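So you can see what is in the structure, the chains are spelled out below.
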Amino acid sequence: MLVTLGIYYLAPWIRWDRGPYAPDQAILIDLSSRRFFFFFIEIWPQEFYYVAGLLVMAGLGLFLVTSAVGRAWCGYACPQTVWVDLFLVVERAIEGDRNARMKLDARPMSFAKLRKRVVKHSIWLLIGVVTGVAWIFYFADAPSLLVSLFTGHAPAAAYTTVAILTATTYVLGGLMREQVCTYMCPWPRIQGAMLDENSLVVTYNAWRGEQRSRYPKSARARGIPVGDCVDCNACVAVCPMGIDIRNGQQMECITCALCIDACDGRMEKRGKPRGLIAYATLSEYSSNMSLATRVGRTAVQPSRVRNDDGTFVPAIRHFNWRIIFRPITVFYAVAWASVGVAMLVHLTFRERLELNVVHDRNPQYVLESDGSLRNGYTLRILNMVPKPRDVNISLVGLEGATMRIPEFGKEDARSFTVYAEPDAATTLKVFVTRKPTGAPINEFLFVIEDTDHADRAAYRAAFNAPGDTK
């Protein structure tokens, strides 16, 4: 909870120097300039495939984690789980532990009860406000936006977003809680396709826990075989989903492992080995259960899984970390890494200078008095680095042709050097004129290159003429 919430609330405040022409916020979704900044990475709208690649990696990563260790995402990193945990911390601090809260619920309304409820819900609302404010900080400069929020000069969209996220955080995290996971989230119903008999999931080891008894010493004195479970219900009391893990795997289980911690604490107090409730695979559980029940022919017999000194017999299977590295998890890991490496390679070698050309549609050409043909074009030069650059524009091909840029006067030439704005698109009007020749009309290239020869881009354009049917 501390790690995930720390990332969410503090990330917008991290600074990253990109020079005088770009924002210095490390993580920023700049909607006004249509950019996504992530430390040294800058993504333009036409590079949305990077975002698609990240979504593919997120999906493959979720499949990998689920196939290896069940719903670990749900139990440890899902925003719903994290914020519910935060709300529960506040609730425990104000109203006490589970038993104290149940007693408080049963009492008639009084000033003390009303005061606790008002304080609790006020803090929950405050958490919702802070959550909404932190979210909008990702879309604008955080320090400036914070001042604007408190002075009333922030955009209406900012206040609306904060209000919506405050309400949803309060309702989903404070009021609905586990109902969101059970009834609204689709993942519990999908995860079954990701699991197999070798996936690690939270498991009650009935082969060592049954038969249950609250008084195991007296039961053994009467010759009744009992297991390690004393039926204390500690695992049920700590479960945020309100289920009993001893009833087997259930859709509601989010693999938070709180029942493991609670049970291990009870086992240590009784001098028993930990792991009555533990991460286990279906294959090892079934093997141990078959040993304890004579392949299902009898009830669990503790004597079949323990030696006289209380240790487990050698035939009992325990977790082996190698089980994680099986074909399906290796496949997911390789696919996940492949997408990541491909994106990194493409990101490393991508061009930071792009050129788009649009031919004038009306007129498509102009016949001048000396017989020359003129075509008009609109060039859009994308300087995708946060510093200005001098860019050379030249014609390649189209013998006998020259170009003119009205902004530079009436001079005709085969190449020009223009100033490209930093981290922006520079638009130019260009006229290409060709003297009458006997050579056929061909396509040609507009080529741009910065003066440092670091980046280069080209665009194949058509030169229209009378009788051209294109």
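Starting afresh in each chain, residues are numbered from 1 along the sequence in its written order. Totals for whole chains, interfaces and linings use every residue, but because this is a predicted model, local features are given only for residues with pLDDT of at least 70 and side-chain atom pairs only at 80 or more, for both listing and counting. Side-chain metrics in this entry use all non-hydrogen atoms of the structure; hydrogen atoms and water are not considered.

Caption draft 1: Structural view of the layout of surface pockets. Buriedness of a pocket was judged along seven lines, with at least five required to meet protein on both sides within 12 Å; pockets are open sets of points on a 1 Å grid over the protein atoms alone, cavities are sets where a 1.4 Å probe fits but cannot get out, and lining residues have an atom within 4 Å of a point. Grid points are joined across faces, edges and corners, and a volume is the space filled by probe spheres set on the points. The calculated volume of the largest pocket comes to roughly 1700 Å³. As for the largest pocket, its lining consists of 40 residues, and the residues nearest its centre are I7, Y8, W73, W135 and Y138. A per-element tally of the lining of the largest pocket places helix α2 (residues 49–69) first, with seven residues. Only Asp, Glu, Lys and Arg are considered charged in this grouping, and only Ala, Val, Leu, Ile, Met, Phe, Trp, Tyr, Cys and Pro are considered nonpolar; every other residue, Gly among them, is considered polar. For the lining of the largest pocket, the per-class residue count stands at 32 nonpolar, eight polar and no charged. In this structure, the second largest pocket is lined by 36 residues; those nearest its centre are L88, R92, R101, V238 and P240. Only DSSP runs of H or I with at least four residues qualify as helices, and only runs of E with at least two residues qualify as strands; both kinds are numbered from the N terminus onward. When contributions to the lining of the second largest pocket are tallied by element, the ones reaching two or more residues are α3 (72–77), α4 (79–95), α5 (98–106), α6 (111–136), α9 (178–184), α13 (234–238) and α14 (258–269). Looking at the lining of the second largest pocket, the element that brings in the most residues is α4, giving nine residues. Tallied by class, the residues present in the lining of the second largest pocket amount to 19 nonpolar, four polar and 13 charged.

Caption draft 2: Local environment of the environment of R34. Its place among the elements puts R34 in the loop between β1 (27–30) and β2 (35–38). When accessible area is computed with a 1.4 Å probe and restricted to protein chains, residues below 20% of their type maximum are described as buried, those above 50% as exposed, and intermediate ones as partly exposed. Exposure remark for R34: the relative accessible area of 58% places this residue in the exposed category. Counting along the chain gives 10 residues from R34 to W44, while the straight-line C-alpha distance between them is 6.7 Å.

Caption draft 3: Structural detail: the pattern of salt bridges. Only one rule defines a salt bridge in this text: a Lys or Arg side-chain nitrogen within 4 Å of an Asp or Glu carboxyl oxygen. Within the structure shown, the criterion is met by 28 salt bridges. The partner of R101 in a salt bridge is E91, with the nearest N and O atoms 3.4 Å apart. Placement of R101 in helix α5 and of E91 in helix α4 is noted, with a sequence separation of 10 residues between them. Neither residue differs from the other here; R101 and E91 are each classed as buried. Put simply, D105 and R117 hold a salt bridge, and the shortest N to O gap is 2.4 Å. With D105 in helix α5 and R117 in helix α6, this pair connects stretches of sequence that are 12 residues apart. A cluster of three or more residues bridged by salt bridges with shared partners is formed by E91, E95, R101, D105, R117, K120 and R177.

Caption draft 4: The arrangement of the packing of aromatic side chains in detail. Under the pairing criterion, centres of Phe, Tyr and Trp rings, with the six-membered ring standing for Trp, must be within 6.5 Å; the plane angle then separates stacked pairs below 30 degrees from edge-to-face pairs above 60, leaving the rest tilted. Within this structure, the stated rule accounts for 22 aromatic pairs. Between F87 and W124 the ring centres are 5.2 Å apart and the planes differ by 20°, which places this aromatic pair in the stacked class. In this pair, F87 is assigned in helix α4 and W124 in helix α6, connecting sequence segments 37 residues apart. For the pair F87 and W124, a shared accessibility class is recorded, and that class is buried. Chaining the aromatic ring pairs together yields one cluster made of Y8, Y9, W83, W135, Y138 and F139.

So, to be careful, I would describe these as geometric facts and stop short of saying anything about function.
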